[in-house]
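An overview of the molecular structure
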Amino acid sequence: PSSDCVVAEQLCLSDSTCNATYRTLENCALAKSRVLSLDHDSRVRCLNAELDLGNSSLLHCKCQRRMKRQEHCLRIFWTVHSSVTDGYFNMETSPYENPANEEHWKTDYNKLAALVSGKNCSHLAGDTTNPCLRATHVCNLSKKCFRLRTDYASICTKGAGSEDVCDRRKCHRGLRNFFEKVPEDFTKRILFCPCQDEFCGERRRKTIVPDCSFQYNTKPNCLWLLDSCLEDHICKSRLADFQQNCQPVDVSPDGCSLHNHAACLQAYMGMIGTPMTPNYVSNSSAEVSLWCTCENSGNQKEKCDQILGMFESNKCL
């Protein structure tokens, strides 16, 4: 239990020495969240406080993707590891436990898929030629999948066809809810269904309702997207997880440093519903990207290209 940051925080706060060190780190994290430039002495004090935690469970604690108090857990993690993101976006430490250690829901997807293709569901047109449509029909057979998919779809399409703009924040929350609470057997098949034609590709691209969750009227700069992400504990955590599990390596045969493509796809799904929500760029390919540009990036063009390249040209992903 001590590997859970919420439990580790409680243990730390009950110890006077650890409590004082943790309060120092809280002030350090607060200063960084307000983009205050720390003087040399303050920076040294913050680093020393992190080192003072030594081998405490707080320094090595992690969070789980589907835990109830996830945001609170992530806030604790980034309080202890606030120096990780200092001055650069490349975060090598994921706050999430290794997905291999997590208990995944077991769903008999094949049994449900057989129901869809059976006689009772023969009226469902196109489920044999359109894998994305079939995956949606299978989702509809699960009460939880159907309810949460309907929830985010109604939130993300509100205002469509009128002058009202959608509530992007609520749309993102609905998407995260869907991808966190519905078993991956359903979500992976809906998001990664293999397409041979544009009709299928269009359905796949619209899985996350791009008009609301993905696209702005004009493409923002990718650096602005990154700044929005780093201000949000969930987005920053998902980005760190994505960077760790989808780290491309040219010399590797599969282009992936960890050789764990399931973990990479899971980390990619974690980005959906954050300020850095990715999506398919067209109906005719499986290429994905962020909705941003690196034009007018000035002397930060290289950093901007790196952010965009994590999705556009990532061999591991």
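These figures come from a predicted structure and were not determined experimentally. (Residues numbered from 1 in each chain as written. Predicted model: local features only at pLDDT ≥ 70, side-chain atom pairs only at ≥ 80, totals over all residues. Heavy atoms only, no water.)

**Concerning helix H13 (residues 233–245)**
Compared with an ideal rise of 1.5 Å per residue, which puts 13 residues at 18 Å, H13 spans 18 Å between its outermost C-alpha atoms and is within 8% of the ideal. In terms of burial, H13 is a largely internal element, 11 of the 13 residues being buried. Residues of H13 that are buried include every one of Ile 234, Cys 235, Lys 236, Ser 237, Arg 238, Leu 239, Ala 240, Asp 241, Phe 242, Gln 243 and Asn 245, and no others. Packed against the buried residues of H13 are helix H4 (70–80), helix H8 (168–181), helix H12 (222–230), helix H14 (261–271) and helix H15 (301–312). You can read the cap of H13 off the contacts: a side-chain oxygen lies 3.0 Å from the backbone nitrogen of Ile 234, and it is on Asp 232. (Helix = DSSP H or I, 4+ residues; strand = E, 2+ residues; numbered from the N terminus. Expected span 1.5 Å × (residues − 1). Buried < 20%, exposed > 50% of the residue type's maximum accessible area, 1.4 Å probe, protein only. Contact = heavy atoms within 4.5 Å. Polar contact = N/O pair within 3.5 Å; in protein donor to acceptor, adjacent residues only side chain to side chain.)

**Observations regarding the confidence of the model for the protein**
Interpretation of the predicted coordinates at a detailed level should be avoided for regions scoring low in pLDDT. Looking at the protein as a whole, its pLDDT mean stands at 83, while 83% of the residues score no less than 70. At the level of individual helices and strands, the protein shows its lowest average pLDDT in helix H5 (residues 109–117), which scores 59, and its highest in strand E1 (residues 278–280), which scores 96. Taken together, the stretch residues 100–107 has pLDDT below 50 and engages in 16 contacts with residues farther than four places along the chain or on a different chain. (pLDDT = per-residue confidence, 0-100.)

**Considerations on the state of the cysteines**
Taken as a whole and judged by the stated rule, the model has 14 disulfides. Between the sulfur atoms of Cys 5 and its disulfide partner Cys 61 the distance amounts to 2.0 Å. Given an S-S torsion of about 90°, the disulfide between Cys 5 and Cys 61 has right-handed geometry. Remark: Cys 61 occurs in the loop between helix H3 (40–52) and H4 and Cys 5 occurs in helix H1 (residues 5–13); sequence separation between them is 56 residues. By the burial criterion, Cys 5 is buried, and Cys 61 matches it. One disulfide bridge connects Cys 229 with Cys 235, the sulfur atoms lying 2.1 Å from each other. Here the S-S torsion is close to -105°, and the disulfide linking Cys 229 with Cys 235 is therefore left-handed. For Cys 229, a relative accessible area of 0% puts it in the buried group. A relative accessible area of 0% means that Cys 235 is categorised as buried. (Disulfide = S-S within 2.5 Å.)

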